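The lines below spell out each chain.
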Amino acid sequence: MKILVYNSGGGLGDSIQIFDLINSLIAKFGSDNIYYLSAHKNHFNHALSDYNLKPKELKTNIIYFGFRWWHLLVSKKKILKDNSLQKFDLIIDIQSKLRNTIILKQFPSNKFYSSTFNFKFCSEKKNYKSTKFENINILRNIELLISDEIPLTKFKLNSIDLKYFQEAKKLLPDNNYIGFSMTQGNVYRKKSWPIDKFLNIAEQVSKKNKKPVFFVEKNNKELIHKIKSNINNALFPEMESTFSGPPLVTALSSRLEKAISIDNGVMHMMSLAEIPMIILFGPTNSKKFSPKLKNIEILDSKTIYQSDDITKITENDVMSVLNI
């Protein structure tokens, strides 16, 4: 069965959130039968390649596929021919924008799945479950559509090369580490919590004989300098390694006792280690973007203070749930 998965999300976190879906499809149908089309860069073949989830890329040579109405005029049959395909057995549209869905539906397929317009574009009417806040319901809905069971096959840490965990143990050889991630990738929404508040938390953590570990890009020298100037025992393990990238972040996270993060890509990399986390949300939807794990505490300014201003969350709010 040849399956195309279409994802319009552009961030690393958007791709990490569908790890279990992709992994389940690969386990059921084989990696050679799963094709992936992203409206943005295909992170599975680039930044996330060392997680070893390797769906085949559907090559179109079109940037932001699905985001322009003129994409309707592109010959979808030619794209399939260029990828040595005739048609798909199943197309899975995991987004819900009308324009993108209409454009995607032009690809020849036997079955089509999309939640757009309350599943109106699906090739068959079924009693589908809402996928608004539960990506895993996509898998259950596909089972209904194709009348076949697809076991949930969760992503496992041992899919990552052992060398990353060996490096992580060298960099963080002890216990009592508390991780911090404070910078946002998406510049269009104010998701960052004030740096000074993070520093206050790190100072309190240090007084409790914990070791603050900061996940900051190496080129963010100004921020690194500020943290070092205020927190004497601050650790920046990525700066001490020749390794880099998301798999190292996940491996390092497996060495942490707990972590505190805003809604960003690093938070999703950390969540793959399934460690206890505190995640701070402001304008973004915590129900949609928070990892579905039991040991996560959500501090959402919209819930606590009826405001999407993340800065309203206080240090006391964080320390009350940090519980160290």
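For clarity, every value in this text was computed on a predicted model and none was experimentally measured. (Residues numbered from 1 in each chain as written. Predicted model: local features only at pLDDT ≥ 70, side-chain atom pairs only at ≥ 80, totals over all residues. Heavy atoms only, no water.)

### Re the sheet that holds strand β8 (residues 258-262)
No. 1: Spatially, β7-β6-β8-β9-β10 is the arrangement adopted by the 5 strands of the open sheet, whose pairing is parallel. Sheet topology places β7 (211-214) and β10 (296-300) at the edges, where each strand pairs with a single neighbour. The average angle at which neighbouring strand axes cross in this sheet is 20 degrees, direction not considered.
No. 2: Packing against the sheet, helix α8 (residues 195-207) makes contact with β6 (177-181), β7, β8 and β9 (277-281), and its axis sits at approximately 175 degrees to β6. (Pairing = 2+ DSSP bridges. Helix = DSSP H or I, 4+ residues; strand = E, 2+ residues; numbered from the N terminus. Axes fitted to C-alpha atoms, helices over the stretch in contact; angles between N-to-C directions. Contact = heavy atoms within 4.5 Å.)

### Thoughts on the packing of aromatic side chains
Where two aromatic rings form a pair, the distance of their centres and the angle of their planes describe that pair.
No. 1: Using the criterion set out here, one finds 17 aromatic pairs in the structure.
No. 2: Arranged with centres 5.8 Å apart and planes meeting at 70 degrees, the rings of Tyr-35 and Phe-88 form a pair that is edge-to-face. Taken as a pair, Tyr-35 in strand β2 (residues 34-38) and Phe-88 in strand β4 (residues 88-93) lie far apart in primary sequence, 53 residues in all. This pair shows no difference in class: Tyr-35 is buried, exactly as Phe-88 is.
No. 3: Within the aromatic cluster, the residues linked to one another by ring pairs are Tyr-6, Tyr-35, Phe-65, Phe-88 and Phe-107.
No. 4: Its end group placed over the ring of Phe-243, Lys-163 keeps NZ or CZ at 5.8 Å from the ring centre. (Phe/Tyr/Trp six-rings, centres within 6.5 Å; stacked < 30°, edge-to-face > 60°. Buried < 20%, exposed > 50% of the residue type's maximum accessible area, 1.4 Å probe, protein only. Lys NZ or Arg CZ within 6 Å of the ring centre and 35° of its normal.)

Take it as geometry only, folks, not as evidence of what the structure does.
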